[in-house]
Amino acid sequence: MTVTLRELLEARSTRAYDLDDEGRVLVGNDDTGTVQLYEIDTDGGWTRLTDLGESCVGRYLPGERTVIVQHDAGGNERAQLSLLRLQDDTTGPAEPAEPVLVPLVHDERYIHSLLDVLPGRVVYMTNRRNGVDFDVVVRDVASGAERVHYDGGGYVMDVSVSPDERYLVVTRPGRPAMSGQLVLVDTGTGGREDLTDAADPAVNRHLGWLPDSSGFIFTTNSGREYTGVAHYDLATRSWRYRITDDEHDLTGWPSPDGRRVLVAVNDDGADVAALHDAESGYRVSAIDLPEPGVFSAVDPMWSPGSQRLALSVSTPREPLDVYVWSGGASPRRLTESTPDLDTSTLVTPESHRIPTPDGETVPCFLYRDADCDGSVVLVVHGGPESASMRSWNPIVQGLVAQGHAVAVPNVRGSTGYGKRWYTLDDVRDRLSSVADLAAVHAWLPSVGLDQRRAGLYGRSYGGYMVLAGLAFQPGLWAAGVDIVGISSLVTFLRNTSGYRRAHREREYGSLERDGEFLTYASPLTHVTDIRAPLLILHGANDPRVPVTEAEQVAAAVRSRGLECELVVYADEGHALAKRHTLLDTHPRAAEFLRRHLSGQPIA
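In this report, we go over the structure that sits alongside the text. (Residues numbered from 1 in each chain as written. Predicted model: local features only at pLDDT ≥ 70, side-chain atom pairs only at ≥ 80, totals over all residues. Heavy atoms only, no water.)

## Re the sheet that holds strand S7 (residues 80–85)
Read from one edge of the open sheet, four strands run S5-S6-S7-S8, paired in antiparallel fashion. Whereas interior strands pair on both sides, the edge strands pair on one side only; in this sheet they are strand S5 (56–60) and strand S8 (102–105). Neighbour to neighbour, the strand axes of the sheet diverge by 30 degrees on average, direction disregarded. (Pairing = 2+ DSSP bridges. Helix = DSSP H or I, 4+ residues; strand = E, 2+ residues; numbered from the N terminus. Axes fitted to C-alpha atoms, helices over the stretch in contact; angles between N-to-C directions.)

## Considerations on helix H9 (residues 548–558)
Among all positions in H9, only Glu-549, Ala-550, Val-553, Ala-554, Ala-556 and Val-557 are buried. All buried residues of H9 lie within an arc of 165 degrees about the axis, which places them on one face of the element. Close packing links the buried residues of H9 with helix H5 (461–472), helix H6 (489–495), strand S35 (534–539) and strand S36 (564–569). (Buried < 20%, exposed > 50% of the residue type's maximum accessible area, 1.4 Å probe, protein only. Arc of directions from axis to C-beta. Contact = heavy atoms within 4.5 Å.)

## Regarding the layout of surface pockets
Here the second largest pocket defines a volume of roughly 200 Å³. Lining the second largest pocket are 15 residues, and of these Gly-153, Gly-154, Tyr-155, Pro-173 and Arg-506 lie nearest its centre. Those elements giving two or more residues to the lining of the second largest pocket turn out to be strand S14 (167–173) and helix H7 (498–508). At four residues, H7 tops the list of elements feeding residues into the lining of the second largest pocket. For the lining of the second largest pocket, a count of residues per class yields six nonpolar, five polar and four charged. (1 Å grid on protein atoms, 1.4 Å probe; cavity = no way out; pocket = protein on both sides within 12 Å on 5 of 7 lines; lining within 4 Å. Points joined across faces, edges and corners; volume = space filled by probe spheres on them. Nonpolar A, V, L, I, M, F, W, Y, C, P; charged D, E, K, R; others polar.)

## Regarding the sheet that holds S36
With mixed pairing, eight strands are arranged side by side in an open sheet as S29-S30-S32-S31-S33-S34-S35-S36. Each of the sheet's edge strands pairs with one partner strand only, and the pair in question is strand S29 (350–355) and S36. The average undirected angle you get between the axes of adjacent strands in this sheet is 20 degrees. Taken together, the four bridges between strand S30 (residues 361–367) and strand S32 (residues 405–409) define a ladder with antiparallel strand orientation. Its bridge partner being in S32, Cys-364 is matched across the sheet by Pro-409. H5 rests against strand S31 (376–380), strand S33 (454–459), strand S34 (479–483) and S35 of the sheet, and its axis sits at about 150 degrees to S33. Here H9 sits on the sheet in contact with S35 and S36, set at roughly 160 degrees to S36.

## Here's the deal with the pairing of strand S17 (residues 204–209)
Within S17, five of the six residues are buried, leaving the element largely enclosed by the surrounding structure. In the sheet, S17 pairs with strand S18 (residues 215–220) via four bridges, with the strands oriented antiparallel. Considered in S18, the bridge of Arg-205 is made with Thr-219. The hairpin formed by S17 and S18 contains five residues between the paired strands, and Ser-213 there has a positive phi angle of roughly 65 degrees.

As far as function goes, none of this settles anything; it's purely spatial.
Written as structure tokens, this is what we have:
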């Protein structure tokens, strides 16, 4: 029996946020409709820790029965930090009917995002100095004393504090899109040293200090096409690669004891996991996942003693669940969040490479089953510095169950396919990624799909791609679903949160230098060319893409007498993540696409 879209959307998921040396795991589970914190004890018993109306994340405070909780209000992304004291095991499990969160860092005018935890201290970033620039602060939990370790201006990406707290290494955005410049900060003198070139479009992330504070391990593609794992030596002020692959991007998570690195190899949208020796780089052992899927979407967590790993794994046919590795090749499955979900009729994707008129090839996953009626929906990911992976996506499986094929392309600008591919859409090359949609459309007949019944579906930057496809390629698409998308690159940059503007101008271009092009590349500029019916879904509290982006394009399309439905969710931000919202947005979109892509199967 075919699983319904509602059953897919109601599937529960669990992700690991932390684990301790005793074997307890701090997880987030969305059984209530938002992600709340639970603790799974060594005997497998669950204790619920939070009961908030909004999703939250957390970390254990090392050496204490205390959780640091990060939460916001209404999806506004203004993160606040609170303490949750857990009962000692000798007094029984903590089961608060109404969990008591003690404010730690609270000021709802600003953002305070948890970066790391140290014994008795938390490391967080905040824009409270001026609402735009982010500083890195270390706060003593007991005394409340704080030290600002970095206030270099702009946005902050990754941060890691050396165990002796003498140094801080920060990744801040460089000048090209996707680049992350490494900066070493002497916490004693305040001195800063640039370790990488700000003009190099290299990523530098997943920073982890060695236990003796002699250096750190990180993931980078500086000087090469694909990311690898490198070691920076503090004494020599130099670094070298330890683990590389000439055909795939690698991501590494070093163990706290500095001896091993968990490595994810991105094999065409699926993660291949292995442990490597941190010093030699040699592969020590594989870690077998249940089937081709993804564990890198939620950072794996090492226990403080480096004896265990918690992995949050999803596949095209399995929602996110937690596995724990403690030796050997096969991690133990810790959670099964939706045991009653019948996945037997769900499909796994075919992998394709689609040629473009200018000689490139677009990676694309194609989901379909034997009952496909020839119609097709292109689902375009957000970012744009992101990628579609072989992971759980209920709307993809729901559209397949409805009779559509679903094509999921990784157009120019997507990560996971090397440095060159993710830089091909930067600034004035923006419309080359839109052109990739037309290449996918031209390819559809070669796999037996009907070009006349092709629709577009995307969220965030994917929503921009939907609107751009309808505006720049009006004869190709039968319908579009835009979720929290950008309708004008100009008004988006003017109206997005101040702290995001400079960060996003690196990708899209500057209002001052590139205003004319940004106007031309905006779907709103070409709204009179749109012919297809449009469904727009947006969150009222969205701090990234303001709801005005949805309102202005809806008004412009409606003024021409075209079908355009706009739905705004009052208690949501950019994520549109609450289950009651998902149970409205996705069925609404599926019905919209069914109406406009229905027809007789092609011969």
